[in-house]
Amino acid sequence: MLFGTIREDLRVVRERDPAARSTLEALLAAHLPAIWLHRPAHRLYLRGLRVPARLVTLIGRRCSGGVDIHPGARIGRRLFVDHGCSVVIGEQAVLGDDVTIFQQVTIGAVGWWRDNRLPVGERRHPIIGDRVVIGAGATILGRIEVGDDCVIGAHALVLTDVPPKSVVRAPASVTTARTRI
Ligand SMILES: CC(C)(COP(=O)(O)OP(=O)(O)OC[C@H]1O[C@@H](n2cnc3c(N)ncnc32)[C@H](O)[C@@H]1OP(=O)(O)O)[C@@H](O)C(=O)NCCC(=O)NCCS
Ligand SMILES: CC(=O)OC[C@H](N)C(=O)O
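If you're wondering where the values come from, they're calculated on a predicted model, not measured in any experiment. (Residues numbered from 1 in each chain as written. Chains lettered and ligands numbered in written order. Predicted model: local features only at pLDDT ≥ 70, side-chain atom pairs only at ≥ 80, totals over all residues. Heavy atoms only, no water.)

Before we go on, may I ask you to explain the overall build of the chain in this structure?
Along the backbone of the chain there are five helices and 14 strands. Against the compact-globule benchmark of 16 Å for 181 residues, the chain has a radius of gyration of 17 Å, which places it among compact chains. With the C-alpha coordinates aligned to their principal axes, the bounding extent of the chain is approximately 60 × 50 × 35 Å. Sorting the 181 residues of the chain into buried and exposed places 43% on the buried side. Sequence separation of 24 or more characterises 35% of the internal contacts of the chain that already satisfy a separation of 6 or more. Only carbon and sulfur atoms are counted for the fraction: they give 57% of the accessible area of the chain, which is about 10700 Å². Between the mean site of the 25 positive side-chain charges and the mean site of the 17 negative ones, the chain shows a separation of 4 Å. (Helix = DSSP H or I, 4+ residues; strand = E, 2+ residues; numbered from the N terminus. Rg over C-alpha atoms; globule rule 2.2 N^0.38 Å. Buried < 20%, exposed > 50% of the residue type's maximum accessible area, 1.4 Å probe, protein only. Contact = heavy atoms within 4.5 Å. Areas by Shrake-Rupley, 256 points an atom, 1.4 Å probe, with all protein chains shown as cover. Lys, Arg positive; Asp, Glu negative; His and termini not counted. Charge placed at Lys NZ, Arg CZ, Asp CG, Glu CD.)

In structure tokens form, the structure reads like this:
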């Protein structure tokens, strides 16, 4: 089971990262410590052992490029965090299977000033469907749902539900003629 999952995660790196040309290279993918340690951390969290869970998560975060997955987050199979750096996934986030995330993505809450008014245990983080791709720098906030098979473009800010099979595009930068610089 454990080796099956490890093999599956390595296969995913090779399938979704053209820059990883061998299994040995895939093994060096920076997100792997974070997702491999998230599984025992989540089990500890579910047993109410929150502090040990957070410690395990901290090791995963330090051994990756800062992939911060709260031990409470529910993560599906075959998550791939390409480049494995500066990613935050909040406590009550739920990610489906086959999700791909690029660097500097936040799946988080809108803010404590709003969430502190919610009943205890109420969800404050997004639900992400199966096979969703989340581009670099995208931020997805609050009690929203992103449907299956969506693509969230780089630098998008998503604050409302996204229907399945949608593409969310942030405005592209504007190019003008160079004058003074
Ligand atoms: C900007 C922000 C503070 C607004 O919080 P809020 O409690 O929803 O405040 P309001 O209800 O006053 O604002 C909602 C309005 O602002 C817009 N809005 C929200 N966030 C925005 C942002 N970052 N940029 C531009 N507009 C934003 C919403 O679309 C909404 O517009 P509408 O009224 O036309 O529908 C919040 O969305 C935000 O960005 N928080 C930071 C959260 C964060 O960084 N979390 C990371 C956790 S890991
Ligand atoms: C990831 C995130 O939403 O962080 C904000 C805050 N720590 C919280 O858990 O709500």
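The structure having been displayed, the exposition proceeds.
Just checking my understanding: could you explain the site of ligand 1 for this structure?
The full set of residues close to ligand 1 is Val88, Thr106, Ala109, Val110, Trp113, Arg114, Leu141, Leu157 and Leu159. A distance of 2.9 Å is found between a nitrogen atom of ligand 1 and a backbone nitrogen or oxygen belonging to Val110. Between ligand 1 and the protein, one listed contact pairs an oxygen atom with a side-chain N or O atom of Trp113 at 3.1 Å. Contact with the protein chains hides 35% of the accessible area of ligand 1, taken as 910 Å² for the molecule alone. Class assignment of the residues belonging to the shell around ligand 1 gives a composition of seven nonpolar, one polar and one charged. (Near = heavy atom within 4 Å. Polar contact = N/O pair within 3.5 Å; in protein donor to acceptor, adjacent residues only side chain to side chain. Nonpolar A, V, L, I, M, F, W, Y, C, P; charged D, E, K, R; others polar.)

Is there a simple way to explain the sheet that holds strand E6 (residues 100-101) in this structure?
What links the strands of a sheet is backbone hydrogen bonding, and the strands pair in either a parallel or an antiparallel sense. The strand order across the open sheet built from five strands is E3-E6-E9-E12-E14, with neighbouring strands paired in parallel fashion. Taken across any chain shown, the strands that pair with only one partner, and hence form the sheet edges, are strand E3 (80-81) and strand E14 (167-168). Summarising the sheet, strand E9 (residues 133-134) and strand E12 (residues 151-152) pair through two bridges and their orientation is parallel. The partner of Ile134 across the bridge, within E12, is Ile152. (Pairing = 2+ DSSP bridges.)

Where do I start with the pattern of salt bridges in this structure?
Side chains that differ in charge, positive against negative, can pair when their charged atoms come close. In total, this model carries eleven salt bridges according to the counting rule given. For Arg16, the salt bridge is made with Asp98, and the minimal N-O distance between the two is 3.3 Å. Note that Arg16 is positioned in helix H1 (residues 2-16) and Asp98 in the loop between strand E5 (94-95) and E6, a separation of 82 residues in sequence. The exposure class assigned to Arg16 is partly exposed, which follows from its relative accessible area of 21%. Taking the relative accessible area as the measure of exposure, Asp98 reaches 21% and is therefore partly exposed. (Salt bridge = Lys/Arg side-chain N within 4 Å of Asp/Glu carboxyl O.)

Can you help me understand a nonpolar patch on the surface in this one?
Residues Val51, Leu55 and Leu58 make up a contiguous nonpolar surface patch of about 280 Å² in total accessible area. When you line up the elements, Leu55 lands in helix H4 (residues 50-63). (Patch = residues over 30% accessible without salt bridge, like charges linked within 9 Å, V, L, I, M, F, W, Y side chains within 5 Å.)

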